[in-house]
Amino acid sequence: MKNIALGQYYPAKSPIHRLDPRIKVILAILYIVCATFLGKNMISFGLLLLSAFLLILLGRIPMKTVLRGIMPVLFVMAFAALFQIFGKSGEILLFEWKFIHIYLEGILAAVFMVVRIFALIVGTTIFLTYTTTPIELTDAIEDLLSPLKKLKVPVHDFAMMMTLALRFIPTLVEETDKIMTAQKARGADFTTGSIIERAKALIPVLIPLIVSAIRHAVELAVAMECRCYHGDGVRTRMTVRHLRVTDFVVLLLMIGFGASLVWFNILGIGFSL
């Protein structure tokens, strides 16, 4: 559970760290669109995989850290891959036994699914959490949603709540690990028995975790009130950010990347989904 990447900031001096946080939010959205909808054939998925490793390199995030962040979703990736292998039919039959049929198309679809999930996780974590502090993320979301203020939408409150939720994920994960360790020291067993028995064993963990979460929320509220924080209003910022030429160049590169994926899909080279 300590390996969850959401909310964890990795300090470094990299080109991605120096980008404007507003541009990084837009880049993350565009990358999610590219990984979710624009990957259709072997070349486009190869470009997605290459782009994921390029983001890791440019962000100067250790590969060990990235892989630790992917570990919590390995089960999802494995389940999605197995679903594609055993559920997708095709023309080239590789293995057959009773009601089990494995096709080459199913294996390729499983590989593509794993690449897609890997690219989604890498793109979102590097653009939003590993290279962007919670304060920068709050300001970026607030600026991007600022037109909604004319409709009386509490943009600042929404951005602050979402950022605090991301920020407290690692804290609650660490708190959960401490509680489970303490319960194991008292003889609790979370690994054996049926699903119902293991769910019941988690009750002594959930109650202290909820109490701890409420305590953290109260402490944070008191700390914010002591600093005269009252939500949205006439507020100034310590750092006034300005878009640079580099930000626009990177944005154009991301748009070009998406256009290249569409172009290779139109060409239809290699196996296509």
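Residues numbered from 1 in each chain as written. Predicted model: local features only at pLDDT ≥ 70, side-chain atom pairs only at ≥ 80, totals over all residues. Heavy atoms only, no water.

Caption draft 1: Geometry of the overall build of the chain. Counting its secondary structure elements, the chain contains ten helices and two strands. The order of α-helices and β-strands along the chain, N terminus first, is α-α-α-α-β-β-α-α-α-α-α-α. Taking the principal axes of the C-alpha coordinates as reference, the chain spans close to 70 × 60 × 40 Å. The buried share of the chain, reckoned over its 273 residues, is 35%. (Helix = DSSP H or I, 4+ residues; strand = E, 2+ residues; numbered from the N terminus. Buried < 20%, exposed > 50% of the residue type's maximum accessible area, 1.4 Å probe, protein only.)

Caption draft 2: Highlighting the packing of helix α1 (residues 21-38) against helix α10 (residues 245-267). α10 packs onto α1 with a crossing angle of 5 degrees between their chain directions and a minimal axis gap of 10 Å. Relative to α10, α1 is oriented roughly parallel. Touching I23, I26, L27, L30, Y31, C34 and L38 of α1 are D247, V250, L251, M254, I255, F257, G258, L261, V262 and N265, all from α10. Each residue belonging to the contact of α1 with α10 can be placed in one class, and the counts come to 14 nonpolar, two polar and one charged. (Axes fitted to C-alpha atoms, helices over the stretch in contact; angles between N-to-C directions. Parallel < 35°, antiparallel > 145°, perpendicular 65-115°, else oblique. Contact = heavy atoms within 4.5 Å. Nonpolar A, V, L, I, M, F, W, Y, C, P; charged D, E, K, R; others polar.)

Caption draft 3: Seen up close, unusual backbone geometry. Its identity as a non-glycine residue notwithstanding, R60 has a phi of 55 degrees, on the positive side. With respect to the secondary-structure elements, R60 resides in the loop between α2 (42-59) and α3 (63-70).

Caption draft 4: Up close: the nonpolar core. Core analysis: the largest hydrophobic core is formed by 33 residues, its most contacted members being Y31, V122 and F127. Every element with two or more residues in this core is listed here: α1, α2, α3, α4 (74-87), α5 (104-130) and α10. Examining the composition of this core, we find that ten residues originate from one element, α5, more than from any other. Among all residues touching V122, those that are not within four sequence positions of it are A52, I56, V66 and I70. Of all hydrophobic cores here, the second largest spans six residues; its members include M180, A201, V205 and L209. (Core = buried A, V, L, I, M, F, W, Y, C linked by side-chain atoms within 4.5 Å.)

These figures come from the coordinates and say nothing about function on their own.
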